[in-house]
Amino acid sequence: MRIQPQYDLIVVGGGVLGTFHAYHALEIGLKVALIEKDSTPQGATVCNFGQVVPSGMNSKWQLFGREGLRIYKEIQQQFDISVRQEGSVYFASNPEEEQLLEELHQINRDNDYPSILMTKSKCLDSYPGLQKDYVASGLFFPEEILLEPRIMINRLHKYLKASGLVLFANCTVIDCIALSNGIEVQCSNTKSLSAAKVIICNGTDFKTLYPELFNESNLVVSKLQMMQTRPQPNYKLPSSVLTGRSIRTYGAFQECPSYTGFNSRGDFDSTDNKWGVQIIFKQAMDGSVILGESQQSVDVSKINTLGTDLNMDVDDFILQEAKNIIDLPTYEIQRRWYGLYSHCKTDDVYQATIDDNIHVVTGIGRKGLTGSAGFAKANIYHIFNLRHV
Ligand SMILES: Cc1cc2nc3c(=O)[nH]c(=O)nc-3n(C[C@H](O)[C@H](O)[C@H](O)COP(=O)(O)OP(=O)(O)OC[C@H]3O[C@@H](n4cnc5c(N)ncnc54)[C@H](O)[C@@H]3O)c2cc1C
């Protein structure tokens, strides 16, 4: 007698990528379980900026990001997941960056994605503390949102549980075994579950499942340093703020006509290039400002070399650069941390299929909070052979 699998789909990994795969599977009426190794997710999903910024993505991923914006806003209308629509702004500091902002504005006008060019004086009037020696002009994206990452993912789990999701926390998946009628999923706490299909969104855990596959892959792990100031007294940052290096490195700008010339002129100064520093500001709900970030990358097989220490020279450099951009009331730091994410050297996302019904999906890189909701929808439709409009 063939025993029916317990679930249509088991998703391994309760970060944003796994959770949105579960979300879309539930949306099409599947019976879904989500398995997370910690009591609540502790990976990149909870230590990021909380910026949903399709404006920074190349045209393919901007579509996923815009779908993600729609989904976050739709959920927020039904259940508070900490989404705030405050927009994002890019500040240019020189004529080349200004040119790129103008080109990106035109590209988005053609794509029906709202953006507003801001003169230097408009920027200075709108953003208190913005340094007049830094800013030349700005480009504002009013549709974009901010959220509190840790609150968002935990509330999203709660929301999905009310919609039928079965969530197993504190449960590490240690093996997936293909059977004639599905997959048996074995957990470290001796629990064993079964499903027709399994999707593994393991983030940067490359040691538990399929370590050889990952060691031989073209996945890279990046370590990013971040900081959080004390709550700013009587200060409101009107939106997320992105600056020079974001303009020089984000996929959206690479599609601008003048990008090639701009980059080949060697505009990266050696220090921010060495540490991969880009200066980003986001005000959290408690009034503190999250600042970052640096980036140090190694192949998966060398992940241990990233270590767990924070490099204080990097933090000092970020603080010094941030002060040159916005004079915040306080730069007193209350918290410092690092986060890891994985990305693929050759593809937008790492994907591998094992025994037909086990799908590994990770390596979404720096675009996970923004792109996961839209990408996971397309991927669920692909994996379950449904037509995706
Ligand atoms: C510092 C920093 C800032 C960032 N800022 C932004 C931003 O502002 N906007 C944006 O769009 N993106 C941002 N990102 C990127 C974004 O955070 C990531 O792309 C995204 O969180 C990746 O999600 P994930 O679900 O793939 O991985 P993770 O969040 O790492 O989740 C993987 C989960 O799988 C679980 N897991 C792994 N193996 C097992 C197993 N065997 N059994 C059970 N569970 C398992 C882990 O416990 C973990 O919870 C940032 C990243 C960092 C590090």
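Residue numbers run consecutively from 1 along every chain, following the written order of its sequence. For a predicted model such as this one, the threshold for reporting local features is a pLDDT of at least 70, and the threshold for listing and counting side-chain atom pairs is 80 or more; totals across whole chains, interfaces and linings nevertheless cover every residue. Excluded from the side-chain calculations are hydrogens and water; all other atoms, namely the structure's heavy atoms, are used.

Taking an unreviewed UniProt entry as the reference, the chain is identified by name as FAD dependent oxidoreductase TIGR03364 belonging to Maribacter polysiphoniae. Under the UniProt heading Sequence similarities (unreviewed entry), the entry covering the chain gives this text: "Belongs to the DadA oxidoreductase family." UniProt positions are given in the numbering used here, feature names are shortened, and annotations may be inferred rather than shown by experiment. Regarding the chain, the relevant UniProt record gives this comment under Cofactor (unreviewed entry): "FAD".

Right, let's talk about the pairing of strand β11 (residues 192-200) for a bit. The buried fraction of β11 is high, at seven of nine residues. What makes two strands pair is DSSP finding at least two bridges between them. The way it works is that DSSP assigns letters per residue, a run of H or I at least four long becomes a helix, a run of E at least two long becomes a strand, and they are numbered from the N terminus. When strand β1 (residues 7-12) meets β11, the two strands line up parallel, connected through five bridges. Directly across from Y7, in β11, lies its bridge partner A195. Here strand β10 (residues 182-187) pairs with β11 via four bridges, running antiparallel. Looking across to β11, one finds that E184 is bridged to S194. As consecutive antiparallel partners, β10 and β11 are separated by four residues, and within that stretch T190 has a phi angle of approximately 65°, a positive value. Residue exposure (1.4 Å probe, protein chains only): buried if accessible area is under 20% of the type maximum, exposed if over 50%, otherwise partly exposed.

Every one of the 40 residues lining the ligand counts as a neighbour, but E36, T45, Q51, G365 and T370 are closest to it. We define a polar contact as two N or O atoms separated by no more than 3.5 Å, with the added condition that, inside protein, one atom must be a possible hydrogen donor and the other a possible acceptor, whereas residues neighbouring each other in sequence contribute only through side-chain atom pairs. L17 places a main-chain nitrogen or oxygen 3.1 Å from an oxygen atom of the ligand. Take C201: an N or O atom from its main chain is 3.4 Å from an oxygen atom of the ligand. Methods summary: accessible areas were calculated by the Shrake-Rupley approach with a probe of 1.4 Å, and residue burial reflects only the protein chains presented. Relative to its unbound accessible surface of 1000 Å², the ligand loses 97% to contact with the protein. Among the secondary structure elements, those contributing two or more residues to the shell around the ligand are α1 (16-27), β12 (219-229), β17 (333-344) and α12 (368-383). Considering only residue class, the shell around the ligand consists of 18 nonpolar, 16 polar and six charged. Note on definitions. A residue lies near a molecule or strand when any single heavy atom of the residue is within 4 Å of it. Note on residue categories: nonpolar means Ala, Val, Leu, Ile, Met, Phe, Trp, Tyr, Cys or Pro, charged means Asp, Glu, Lys or Arg, and polar means any other residue, Gly included.

Before going further, it helps to examine the packing of α1 against helix α5 (residues 149-162). Axes here refer to lines fitted to C-alpha atoms; in helices the fit is confined to the stretch in contact. Angles between the N-to-C directions go from 0 to 180 degrees. For the pair α1 and α5, the least separation of the axes is 11 Å and the interaxial angle reads 25°. One way to sum up the angle between α1 and α5 is to call them roughly parallel. For the element pair α1 and α5, the recorded crossing hand is left-handed. Mapping the contact onto sequence places V16, T19, F20, Y23 and L26 in α1 and M152, I153, L156, H157, Y159 and L160 in α5. Of the residues belonging to the contact of α1 with α5, the class tally is nine nonpolar, two polar and no charged. Each angle is binned into one of four classes, with values under 35 degrees roughly parallel, values over 145 roughly antiparallel, values of 65 to 115 roughly perpendicular, and all other values oblique. Handedness of a crossing follows from how the near helix is turned relative to the far one, being left-handed for an anticlockwise turn of less than a right angle and right-handed for a clockwise one. What makes two residues a contact is simply this: any of their non-hydrogen atoms within 4.5 Å.

With that settled, consider empty space enclosed by the protein. Cavity and pocket criteria rest on a 1 Å grid covering protein atoms alone: a 1.4 Å probe that fits but cannot get out defines a cavity, protein on both sides within 12 Å along at least 5 of 7 lines defines an open pocket, and an atom within 4 Å of a point defines a lining residue. Grid points are joined across faces, edges and corners, and a volume is the space filled by probe spheres set on the points. Applying the stated rule across the entire model yields one cavity of 30 Å³ or more. Taken together, M57, S59, Q62, L104, I107, N108, N111, A252 and E255 make up the full set of residues lining the largest cavity. Among the elements of the structure, α2 (59-78) and α3 (95-110) are those that each provide at least two residues to the lining of the largest cavity. With three residues, α3 is the largest single contributor of residues to the lining of the largest cavity. Both domain 1 (1-85 + 147-217 + 349-388) and domain 2 (88-142 + 219-345) contribute no fewer than three residues apiece to the lining of the largest cavity. As annotated, the domain borders come from an automatic or database domain assignment.

The computed volume of the second largest pocket comes to approximately 640 Å³. What lines the second largest pocket is a set of 23 residues, and nearest its centre among them are T249, Y250, G251, R366 and K367. In terms of residue count, the dominant contributor to the lining of the second largest pocket is β17 (three residues). Partitioned by chemical class, the residues of the lining of the second largest pocket number seven nonpolar, ten polar and six charged. Of the domains in this structure, domain 1 (1-85 + 147-217 + 349-388) and domain 2 (88-142 + 219-345) are the two that each give at least three residues to the lining of the second largest pocket.

The next point concerns the domain arrangement of the chain. According to the domain assignment, the chain contains domain 1 (1-85 + 147-217 + 349-388) and domain 2 (88-142 + 219-345). The gap between the C-alpha centroids of domain 1 and domain 2 is 28 Å. Facing the 36 residues of domain 1 at the interface are 44 residues of domain 2. Note: buried area is the sum, over both parts, of the accessible area (probe 1.4 Å) each one loses when the two are combined. With both sides pooled, the region where domain 1 packs onto domain 2 buries about 3000 Å², and carbon together with sulfur makes up 55% of that total. It is F49, S55 and R366 that lose the most area in domain 1 upon contact with domain 2, and together they represent 22% of the buried surface on that side. By convention in these notes, a salt bridge is any Lys or Arg side-chain nitrogen within 4 Å of a carboxyl oxygen on Asp or Glu. One can count two salt bridges joining domain 1 with domain 2. With a closest N to O distance of 3.0 Å, R366 and E293 form a salt bridge.

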